Structure formats: C-alpha cells, structure tokens
Number of protein chains: 2
Amino acid sequence: MAAKPVSRAAAKPAPGREALLPVLAEIFREHGFEGASLALIGERTGLGKGSLYHFFPGGKAEMAASVLDAIDAWFTQAMFRPLREDPDPAAAVRAMFAATDAYFRSGRRVCLVGVFALGAARDRFGARIDAYFAAWRDALADALVRAGAEEPLARDLAEDAVSTIQGALVTASALQDPALFGRALARLSARLEPVLAGAAARRPLASSFQSPTSAL
Amino acid sequence: MAAKPVSRAAAKPAPGREALLPVLAEIFREHGFEGASLALIGERTGLGKGSLYHFFPGGKAEMAASVLDAIDAWFTQAMFRPLREDPDPAAAVRAMFAATDAYFRSGRRVCLVGVFALGAARDRFGARIDAYFAAWRDALADALVRAGAEEPLARDLAEDAVSTIQGALVTASALQDPALFGRALARLSARLEPVLAGAAARRPLASSFQSPTSAL
DNA sequence: TGATCTCTGTACCGATCGGTACAGAGGTCG
DNA sequence: CGACCTCTGTACCGATCGGTACAGAGATCA
C-alpha cells in the first residue's frame, strides 16, 4: 500500500479529488463496479490514468470506497443526524422524505449502494453497504421512537421505509417510470403519518429543516 | 447470425439447453451481466466454450435473453396466469405470496430482472425487463379488481406490491438478513388482506392453488 | 462397417481489462 | 534562475475479455 511514503502530513486533501467524487458516483451508479472501466472513467472525468492514479493510488477499488464514504458522510449530515437530533422528530422525518426525493432526483436516479448490494461488489464493500442501510434504518427508528412510537413498531416502520425506497428505485428504473418513485414515497409517508401526527398532538409547535441537495 | 443454415427444423430444442438455464440464471443473478464471464460460466456449467456456443450461438447475450425468457415463462404459468384466471382471486393472491417466498428462497436469493434493471444491462434487455415487471403488476391488479377492489386502488396496491418485493430483496441482500424478506412480505400481505377479506365476504367458498417451486 | 450428426475441448484471435512506469508540463517559491 | 512539487499524458505490461475455428469424440443408424 504505502509504496511511496509521503513526507508531508498524509491528511492533506488534494483539491481536485473531492470534485471528482460526484462524477465517479454517477459512473458507478450507471454501470456498477465491474461495468465502470477505467477507460470510461477517464473519458467521463476528462482525466488520464496518470491523474486518476495520482488521486486514487488504490485504483478503482479506492475510487469506489471513497465514493461510498462520501455518500455515507452526506447522508449522515443531511438525514441521519437530523433524524437523531432534531428536537422535532416528526419534522425531521418529513424533511427526510423531501431530501430523499431530491437526492434520487424524483426516481430518475438509482441508489449506488443498492446497485453494489445486488452485485458481486457486495463482497468487496460489504461492511460499508451494511453500515449505510443499517444507519438509515436505525436513525429513522430513533426518530419514530422519539415521536412517540413503541420500539417494535418504530423498528418495523423504519425497516419498511428503507426497503420501500430501494424497491421504488428498482422498479422505477425497470419500468422507466420515475413518477413511480413519488407514488411509493407518498404511500410510505401515509404509513408513517399516524406516528408523526401523534407526535404533533403531543408537542405544541416547532422546528423545520431545509431539504438539502447533493451532487453525490 | 445464420452462418450455418441448419438442415433440420430450427425448432429442435437441444436436450441439455433447458437444463443449463437454471445454472446460467444463478450465475447472472450473482454476478450481473458484465460480471458473468465466459470463464466463470464454463466453470460453473462444467462446459467448454465449444458446448456453450453450440447451445447459444449468440453468446452471452443469447444466454441472458434465454434466461430472462425462461423466467418470464415460469412466472407467467406459476403466478400471472393464476392471478388472471383463478376463479378465486383472493386465493391466487395468497398463492402468489407463497410462490414468491419460495422462488426467492425466503430472501436468500436475489431477483435477476432487478439486477439487470439497475445495471447497464438495462439498455440491452430493456423490453424484457419492462415486460416482466409490468406483467406482474398488471396480473396482480387484475386479481385485486376481481376480488372487489376499485381499479385505482387495485393498480396502486399492485404497484406497491412489486415494488415492495424488489426493495425487500435489495435490503435483505445488503444487510445480509434474509429474514427481512419475510417481514416485508408479511407487511405487504397485511396491506392487501382487507381487499382479499372483502372478496371472501362476498363469495361463499372456493379453490386453492398449490405453490410451485422453480430451479430458475 | 462406414456415413452422419450432435456435442465437446483446445488453440487461437484482436480488443480491452486494471495497473504501472515514467518523463515532463506547469506552477510555486527560495 | 534553479529546486521542488503537483499533476498529467503516454507507452506499456500481463491477464482476461467475448468470440471463432476446427478437429475430433461418441452416439446413431443404414
């Protein structure tokens, strides 16, 4: 790994590297890990192998791992943390729906982690894939409990939610029908709403949380 | 294509070909289209390229297309047709759940069509992928209408069902938790049950339909 | 037996795969 | 200016890719 021990602090974040991640994410999303050839990556990023291997000495595997990390970081700050910490959990859940719709481009985009989960890339990135889905499910369950749901119900609804979102992405892509995603989100929202409404009945007034957008 | 015009009727079904399809299906399921190399296929089938190209002159693409056709044929006879024709639509829907659980090995198996739908293989096999999901959705909607549901509700529930099943397969695979699939099926069943129970209240007694298993 | 046909293994093809090596372009700074 | 360092393009590597060609093994049947 450390073939060339760097003299400067290893923590130095190369400037172009971060900007590369969204492009790489899009490529992996569309072609999967094995389908994303270095030729394609070079073409889409406009970079030669020299630059690519300069930023990612570990090659394709490091690119994919970095992208997964970046995605996880974005979801953590934009969704998981609010779900766990927003004083108004119901608002955080509703913001999650908005953010989810925005992130997946209303069904026109597919979930990279889901793509990896289905393919042989699961073996390589299993820990990260597992962590992503588990974090989403657990953060949502936490919010639902804070909104007043019983633990088992909250866990059930949370599992239902992440599963439903993934399924909507698969079928929307399969049927070339992005609108399907919105319909699935609406159904899911209706399933959670009773819990959220219960929370509203319990607390007087609160909060908000703007829905962020990401290029990842 | 027809480099060697066969003297005998072209419709002759080679004996070993059919037996190959389940193995090929499993390989494509686990590795996706681009991930399933001919070397791997040869190894898993125990056949050399000679035999492979004898049975599938069109190469990998023909193998995948044949597998998709076989899967569609199996689902049609085991699920879609009963959903449309069983005199007791509620029983057909319940049989569909049992067949789905059996087919996907209670969440230990992934959906080939879903795998293809997410990857770049979508472009190659788009028509077949679309047809598979649409047929499932429409057949189920038909059964629900026959069970007494209003058209819009039936269509909504049917879309919900196929989407939910796919999502459960993705997350079960991602979290390495096959039991998740069963829980998702149970939730889905509970969502459909009111319609089915309504049908039971309307008609006196009827039917059955054994849940078949498939190697595909 | 010999002709015929289905099936199979092997050798081989050009293209592409992921990855490495390296020379240097172009900037910054002493 | 020259030393240094980040970034880049290109040439090249062995391995593997999907696909083709073909000689026969083995069964069938006249």
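Keep in mind the model is a prediction, meaning the values are calculated, not measured.

Peer 1: What is the right way to read the pattern of salt bridges from this model?
Peer 2: Oppositely charged side chains are able to pair whenever their charged atoms sit close together. Overall, the coordinates contain 32 salt bridges over all chains when judged by the stated rule. Note that Arg-187 of chain B and Asp-156 of chain A form a salt bridge whose closest N and O atoms lie 2.9 Å from each other. Within this pair, whereas Arg-187 of chain B is found in helix H9 (residues 179-202), its partner Asp-156 of chain A is found in helix H8 (residues 151-174), the two belonging to separate chains. Arg-187 of chain B sits in the buried class, given a relative accessible area of 12%. Arg-94 of chain B is the salt-bridge partner of Glu-193 of chain B, the closest N and O atoms lying 2.6 Å from each other. In this pair, Glu-193 of chain B is assigned in helix H9 and Arg-94 of chain B in helix H5 (residues 89-103), connecting sequence segments 99 residues apart. Judged by its relative accessible area of 25%, Glu-193 of chain B is partly exposed.

Peer 1: Got a minute to help me understand the relation of the copies chain A and chain B in this structure?
Peer 2: Note that the two copies of the chain are related through a rotation about an axis and a translation along the same axis. Note on the copies: chain A fits chain B at an RMSD of 0.0 Å, the axial shift is 0.0 Å, and the rotation between them is 180°. Interpreted geometrically, this transformation is the action of a two-fold axis. Minimal C-alpha distance to the rotation axis in chain A is attained by Gly-167 of chain A, lying at 1.6 Å. Of the residues that chain A buries at the interface, 100% are likewise interface residues in chain B, meaning the two copies contact each other through the same surface.

Peer 1: Hey, could you run me through unusual backbone geometry in this one?
Peer 2: Excluding glycine, residues mostly have negative phi values, and the peptide bonds linking residues are mostly trans. Residues and elements named next belong to chain A. The backbone phi angle of Arg-105 is positive, close to 50°, even though this residue is not glycine. On the secondary structure map, Arg-105 appears in the loop between helix H5 (89-103) and helix H6 (112-118). At Gln-176, a position not held by glycine, the phi torsion is positive, near 55°. Judged by relative accessible area, Gln-176 falls into the exposed class, the value being 54%.

Peer 1: It is not clear to me how H5 of chain B should be interpreted in this structure. Could you clarify?
Peer 2: It helps to recall that an α-helix has 3.6 residues per turn; residues three or four apart then point in one direction. Residues and elements named next belong to chain B. Counted at 1.5 Å a residue, the expected span for H5 with its 15 residues is 21 Å, and the 20 Å between its end C-alpha atoms agrees. With eleven of 15 residues buried, H5 lies mostly within the body of the structure. Restricting attention to buried positions, one finds in H5 the residues Pro-89, Ala-90, Ala-91, Ala-92, Val-93, Ala-95, Met-96, Phe-97, Ala-99, Thr-100 and Tyr-103. Sitting at the head of H5, Asp-88 places a side-chain oxygen 3.2 Å from the backbone nitrogen of Ala-90. One or two residues past the end of H5 sits Arg-105, with phi positive at roughly 50°.

Peer 1: Explain the protein's contact with DNA strand C here, please?
Peer 2: Close contacts around DNA strand C come from 17 residues, with Leu-38, Lys-49 and Tyr-53 of chain A together with Gly-48 and His-54 of chain B the closest. For DNA strand C, the backbone makes up 55% of the atoms found within 4 Å of the protein, where backbone means sugar plus phosphate. The side chain of Ser-37 of chain A places a nitrogen or oxygen atom 3.2 Å from a phosphate oxygen of DNA strand C. In this structure, Ser-51 of chain B approaches DNA strand C through a side-chain N or O atom, which is 3.0 Å from a sugar or linking oxygen.

Peer 1: Help me understand the nonpolar core, please; the structure alone is not making it clear to me.
Peer 2: A general trend in soluble globular proteins is that nonpolar side chains are found buried together. Membership of the largest hydrophobic core comes to 157 residues, with the highest contact counts inside it found for Phe-116 of chain A together with Phe-116 of chain B. Beyond its immediate chain neighbours, meaning those up to four positions away, Phe-116 of chain A contacts Phe-28, Gly-32, Phe-33, Ala-64, Leu-68, Ala-121, Arg-122, Phe-125 and Ile-129 of chain A.

About the criteria used
- Residues numbered from 1 in each chain as written.
- Chains lettered and ligands numbered in written order.
- Predicted model: local features only at pLDDT ≥ 70, side-chain atom pairs only at ≥ 80, totals over all residues.
- Heavy atoms only, no water.
- Salt bridge = Lys/Arg side-chain N within 4 Å of Asp/Glu carboxyl O.
- Helix = DSSP H or I, 4+ residues; strand = E, 2+ residues; numbered from the N terminus.
- Buried < 20%, exposed > 50% of the residue type's maximum accessible area, 1.4 Å probe, protein only.
- Least-squares fit on C-alpha atoms with pLDDT ≥ 70 in both.
- Contact = heavy atoms within 4.5 Å.
- Expected span 1.5 Å × (residues − 1).
- Polar contact = N/O pair within 3.5 Å; in protein donor to acceptor, adjacent residues only side chain to side chain.
- Near = heavy atom within 4 Å.
- Core = buried A, V, L, I, M, F, W, Y, C linked by side-chain atoms within 4.5 Å.

These figures capture arrangement, not role.
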